[in-house]
Amino acid sequence: MTAAAAPAAEVLNRRAPRTLWSDVYRRFIRHKLAVTGLAIQVLLILGILVGPIIYPEDAEYIDILRADERPSLEFPMGTDDLGRDTLARNMEGGRISLAVGVVAMAVAIVLGTLVGLLSGYFRSLDNPLMRFTDMMLALPSLPLLMVIIMLFRDKMRNLLGPELGIFMLVVYVIGALGWMPTARIVRGTVLSIKEKEFIEAAISIGVRQHTILWRHVLPNILSPIIVSATLGVASAILIESALSFLGLGFPPDVPTWGRLLFENKDFITYNPALIIFPGLFISLTILSINFMGDGLRDALDPRLRL
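In this report, we go over the structure that sits alongside the text. What you are looking at is a predicted structure, and each value in this text was computed from that prediction instead of being measured. (Residues numbered from 1 in each chain as written. Predicted model: local features only at pLDDT ≥ 70, side-chain atom pairs only at ≥ 80, totals over all residues. Heavy atoms only, no water.)

### Considering the pattern of salt bridges
(1) Moving on: Throughout the structure, instances matching the rule amount to twelve salt bridges.
(2) Moving on: The salt bridge involving Arg-66 is made with Glu-69; its shortest N-O contact spans 2.4 Å.
(3) Moving on: Residue Arg-66 is classed as partly exposed on the basis of its relative accessible area of 24%.
(4) Moving on: Linked by salt bridges that have partners in common, Glu-60, Asp-80, Arg-84, Arg-89, Arg-259 and Glu-263 make up one network. (Salt bridge = Lys/Arg side-chain N within 4 Å of Asp/Glu carboxyl O. Buried < 20%, exposed > 50% of the residue type's maximum accessible area, 1.4 Å probe, protein only.)

### Regarding empty space enclosed by the protein
Where empty space is left becomes clear once a probe the size of a water molecule has been rolled over the atoms.
(1) Moving on: Applying the stated rule across the entire model yields one cavity of 30 Å³ or more.
(2) Moving on: Asp-80, Thr-86, Arg-89, Asn-90, Leu-260, Asn-264, Leu-274 and Pro-278 together form the lining of the largest cavity.
(3) Moving on: Per element, the largest residue contribution to the lining of the largest cavity is three residues, and it comes from helix α4 (residues 86–121).
(4) Moving on: A breakdown of the residues in the lining of the largest cavity according to their chemical character gives three nonpolar, three polar and two charged. (1 Å grid on protein atoms, 1.4 Å probe; cavity = no way out; pocket = protein on both sides within 12 Å on 5 of 7 lines; lining within 4 Å. Points joined across faces, edges and corners; volume = space filled by probe spheres on them. Helix = DSSP H or I, 4+ residues; strand = E, 2+ residues; numbered from the N terminus. Nonpolar A, V, L, I, M, F, W, Y, C, P; charged D, E, K, R; others polar.)

### Quick look at the packing of aromatic side chains
(1) Moving on: Applying the stated criterion to the full structure yields three aromatic pairs.
(2) Moving on: Measuring from ring centre to ring centre gives 5.2 Å for Tyr-121 and Phe-122, while their planes differ by 85°; the resulting arrangement is edge-to-face.
(3) Moving on: Residue Tyr-121 is classed as buried on the basis of its relative accessible area, which comes to 10%.
(4) Moving on: Ring centres of Phe-132 and Trp-179 lie 5.9 Å apart, and the angle between their planes is 20°; this geometry places the pair in the stacked category. Placement of the pair is Phe-132 in helix α5 (residues 123–138) and Trp-179 in the loop between α7 (162–176) and α8 (180–193), with a sequence separation of 47 residues.
(5) Moving on: The class of Phe-132 is partly exposed, set by a relative accessible area of 38%.
(6) Moving on: For Trp-179, a relative accessible area of 6% puts it in the buried group. (Phe/Tyr/Trp six-rings, centres within 6.5 Å; stacked < 30°, edge-to-face > 60°.)

It is worth stressing that arrangement in space is one thing and function is another; only the former is reported here.
Quick look at the structure:
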């Protein structure tokens, strides 16, 4: 009996030790909706990045003779009122929409994390920063976005060009008006972390404040930041789509998913495919990212660690 149990014990001893991230991975892959969202997101990203290599059609090529064609083998998603390939335009629009979501999310996460860290760790900064955050939360974001873009889009176009100027304006305005939820989440986590024994030990041996924030506090609040970043991408894509649908986003020659909805809304009864496909891509992107965010939130919850 002892001889038989020895190999099993040796195998157990050779197993890699459990870590936080290995447990996170195990819990994430058990979350069926999260895995489904990840698969959908990977397919969408591969489609918009690798798709143009497999389907190298010009998204801006106009052929009036092929206008308003229904989906077929030659044009899998049909053509628009000018004869442009709808599939090529959706792939190009997807690259721009996802780029807007990622960059705007990065801006919001950096601002929100900075405000939350300073507010949660330094008691003297807590009240003014949180009151400023409350004031920003009270502002209606979409009308404010519309006003800012209307005021500055011509200046940004003249300064950086019609495409880059609008891109920079849209992503930075969305990011600058979307950091408040992250700041509140980070602040609450920091208030809990700074009372831990290892923070008190670092203070007692004379570690500088910025070193404590960077090396001890920030690594321990990555979990809520990752979840907030995941959901922030979906929110930024939705806001950009709303702005483009209202005609305040990118110029007409930049086919984002929201811009495609705006341009083709008048043809919904005549050629509904022009509206269905960009709307479907927006919905799938946001839904899959939300599923991934739910899965990450559950996987990163320390109370669920087995």
